[in-house]
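Report on the structure
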Amino acid sequence: MKKIVFFCIPAHGHTNPTLEVVKELVSCGNEVIYYSYNLFKDKIESAGAKFVSCDDFDMEQKLTPKDSARIGKDLAFSTKILVDTTLLLDEKVCSDMKRIKPDCIVYDSMAVWGKTVAIKLGIPYICSTTTFAFNKYSAKIMKQSPKDIIKMLFSMPKISKDIKRLQEKGYDIKNVLDLIGSDEKADTIVYTSRDFQPFSETFPENFSFVGPSIRKTSEVFEKKCDKLIYISMGTVNNDMLPLYKNCISAFENTDYQVVISIGNIVSKDEFMPTPDNIEIHSYVDQIAVLKKADVFLSHCGMNSASEGLYFSVPLLMLPQTTEQKSVAERVRQFSAGMMLEKTDPESILKATEKLISDDTFKNNAKNISNGFKNSSGAKGAAEKILSIC
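Residues numbered from 1 in each chain as written. Predicted model: local features only at pLDDT ≥ 70, side-chain atom pairs only at ≥ 80, totals over all residues. Heavy atoms only, no water.

Looking at the sheet that holds strand 12 (residues 315–317)
Test applied: Two strands make a pair as long as DSSP finds a minimum of two bridges between them. A run of H or I in DSSP counts as a helix once it spans at least four residues, and a run of E counts as a strand once it spans at least two, with each numbered from the N terminus. Lines fitted to C-alpha atoms define the axes, with helix axes restricted to the stretch in contact, and inter-axis angles between N-to-C directions lie between 0 and 180 degrees. Here a residue-residue contact requires only that any non-hydrogen atoms of the pair lie within 4.5 Å.
Read across the open sheet, the 6 strands follow the order 10-9-8-11-12-13; overall the sheet is parallel. Either end of the sheet is taken by a strand with one partner, and the two such strands are strand 10 (278–281) and strand 13 (337–339). Each strand of the sheet is rotated relative to its neighbour by a mean of 15 degrees, with strand direction disregarded. Pairing of strand 8 (residues 228–232) with strand 11 (residues 295–298) involves 4 bridges; the strand directions are parallel. Among the inter-strand pairings, Y230 is bridged to a residue of strand 11, identified as F296. Most of the contacts of helix 8 (residues 241–251) go to strand 9 (residues 257–261), to which it runs at about 175 degrees, and overall it touches strand 8, strand 9, strand 10 and strand 11.

Topic: the nonpolar core
Stated formally: Put simply, a nonpolar core is a bunch of buried Ala, Val, Leu, Ile, Met, Phe, Trp, Tyr and Cys residues held in one set by side-chain atoms that sit within 4.5 Å of each other. To sort residues, take the accessible area from a 1.4 Å probe on protein chains only and compare it with the maximum for the residue type: under 20% means buried, over 50% means exposed, and anything in between is partly exposed.
Of all hydrophobic cores here, the largest spans 49 residues; its most connected members are F6, M97, W113 and I385. Of all the elements, helix 4 (residues 75–100) adds the most residues to this core, at 6 residues. Here I385 is in contact with I4, F6, V21, L25, C104, V106, I126 and I189, once residues within four sequence places are set aside. Within the second largest apolar cluster, 29 residues are counted, among which are F132, V289, V327 and F372.

A few points about the side chain of S128
In this fold, S128 is placed in strand 5 (residues 125–129). For S128, a relative accessible area of 2% corresponds to the buried category. The contacts of S128, once residues within four sequence positions are left out, are T18, V106, Y107, D108, S109, I189 and Y191.

Focus on the sheet that holds strand 2 (residues 31–36)
Reading across the sheet, the 7 strands line up as 3-2-1-4-5-6-7 and stay open at both edges, with parallel pairing between neighbours. Pairing within the sheet leaves two strands with one partner each, and these edge strands are strand 3 (50–53) and strand 7 (207–209). Going across the sheet, the axis of each strand differs from the next one's by a mean of 20 degrees, ignoring polarity. Where strand 6 (residues 188–190) and strand 7 come together, 3 bridges link them in parallel fashion. Within the sheet, the bridge partner assigned to T188 lies in strand 7 and is F207. Contacts from helix 1 (residues 12–27) reach strand 1 (3–7), strand 2, strand 4 (104–108) and strand 5 within the one sheet, and its direction differs from that of strand 2 by about 165 degrees. Running over the sheet, helix 14 (residues 377–388) touches strand 1, strand 4, strand 5, strand 6 and strand 7 and is turned about 155 degrees from strand 5.

Observations regarding the packing of helix 8 against helix 12 (residues 345–357)
Condition: It is the rotation of the near helix from the far one that decides the hand of a crossing: anticlockwise by less than a right angle makes it left-handed, clockwise makes it right-handed. Amino acids are sorted into nonpolar (Ala, Val, Leu, Ile, Met, Phe, Trp, Tyr, Cys and Pro), charged (Asp, Glu, Lys and Arg) and polar (every other residue, Gly among them).
Viewed as axis vectors pointing N to C, helix 8 and helix 12 meet at an angle of 65 degrees, and their least axial separation amounts to 8 Å. Seen from above, helix 8 lies across helix 12 with right-handed handedness. Between helix 8, through L243, N246, C247, S249, A250 and F251, and helix 12, the contact on the second element is made entirely by P345, I348, L349 and T352. Taken together, the residues of the contact of helix 8 with helix 12 sort by class into 7 nonpolar, 3 polar and no charged.

Structural notes on the pairing of strand 4
Where we set the bar: Call a crossover right-handed when, viewed with both strands pointing away from you, the route from the first strand across the helix to the second goes clockwise.
Across the 5 residues that make up strand 4, a large majority, 5, are buried. Where strand 4 meets strand 5, 4 bridges bridge the pair, whose relative direction is parallel. Bridge pairing in strand 5 links D108 to S128. Crossover strand 4 to strand 5 through helix 5 (residues 112–121) is right-handed.

Some remarks on the packing of aromatic side chains
To be explicit about the condition: Whether two aromatic rings pair depends on their centres lying within 6.5 Å, for rings of Phe, Tyr and Trp, where Trp uses its six-membered ring; planes under 30 degrees apart make the pair stacked, over 60 edge-to-face, and the rest tilted. Only lysine NZ and arginine CZ atoms are considered, and such an atom sits over a ring when it is within 6 Å of the ring centre and within 35 degrees of the ring normal.
Under the criterion given, the structure shown has 12 aromatic pairs. Centroid distance Y107 to Y125: 6.1 Å. Interplanar angle 55 degrees. Geometry classified as tilted. A residue pair is termed long-range when its members are at least 10 positions apart, and Y107 in strand 4 and Y125 in strand 5 qualify at 18 residues. Here Y107 falls in the buried class, since its relative accessible area comes to 4%. Counting every residue linked through ring pairs, the aromatic cluster contains F132, F196, F334 and F372. The cationic tip of K373 hangs over the ring face of Y310; the distance from NZ or CZ to the ring centre is 5.0 Å.

Printed below as a string of C-alpha cells:
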C-alpha cells in the first residue's frame, strides 16, 4: 500500500478531474490524503480520500464573488492570491509532510506549495494539469488582444514584486511563467488527449496525456423534446443575467427543450414566469444532461468543454478568460463548435440552429470524443502516480 498526498486549489475545474483518479488509487488499496477546501469536502471523502482543510490558510476563500471573477482575467491579481496562499500554507504543509511521510505528492499545476515541499523533503512528486499543458509552443493558441497585452505589461511590476516575495522565502521561482507554465522536468498528468493538446509533440515523454477524467453518474435526465439545448457558464464567472434572459428570448417560441444552469449568484426569481420549454436551475448534474444534449452553450472552461466533447456535443462558445479562449480556439480549429460573437437573442438562435443543422460539428465532436475515450483515463493516471511512488 502506498500513501499519496494530493494538493489542489479551490476550483471545481481543477478538483473534479482528480476524483476518479483518487477512486482508482483507493480501490487498489492505497491511502490518499487530500488537501483542499471545505466546499469540496463531501465529494473528496466520497471518492475515498482523507480530507484535510486548507480554508484557514487560503486567501481566495476570503474573496467576494466579484473578486473571484477577477481570477483568470487579471494576472497580477491572480498572482498575488497564489503567492499569498503559498506563503501561508508553507509552514503547515512542510510540518505535515514530515509527519505523514508520503510515498508521493500529487500537486495541481497551480498549487506550487505541493511541489516545493516535495523538493525540500525529497519526496517523489507529480504534477496534475487540468488545463492544456503550457509551453512556448502551446502558448500560441492563447491569442491575446492588444488591450490584453497592454494590461499585462502594466501589471508586470506588481507581478515581479510578488515573485520576489516567494524568492525571499527560498522558492526557486524566477518569473510568472514558473508559476503558470508546465515544468518539463516534472512528471505530469494532463487531462486531455494527445490529439487535443496543442503542440503535444513538443512535450517530453514524462507528460502523460490521459484524457478527461469523466465521473460516473446514476442520475437519468429526461429529454422531453427532439432537441435539447444546455446552457451553463460554469461556477465562477456566471453572474450573467442579461445573457440568460437573451437565451430565454431566443428559445421561448421554439420546439427545443432548454436547460439553463445559472449557479448561485443570480436568483431564479429573476426569470418568473418561465416559458414551458425552458428550465432554470441553480445546479444540474451536468454529466446527466450532456448525455442527452444536442448543443452546449458554454464558457469553455477546460472541464466543461471536455465533458461536452466526451459526449459528442457541439459547443456554442462564449469564453470569458484567456484560458477559456484558448480552449475555445482549439475547439474551433477542430470545427467541433462555433464562437458566439454576439449575445442578442437572434444571434444565439441563429448560431444554435447552425450547430444543429450542420452534421459536421457533431461528427467532429465525435472524433474528439473517440480520442478521449481511447486515452488511458483515470486508470492510466493512477498507474502513472504509482510508478512515481
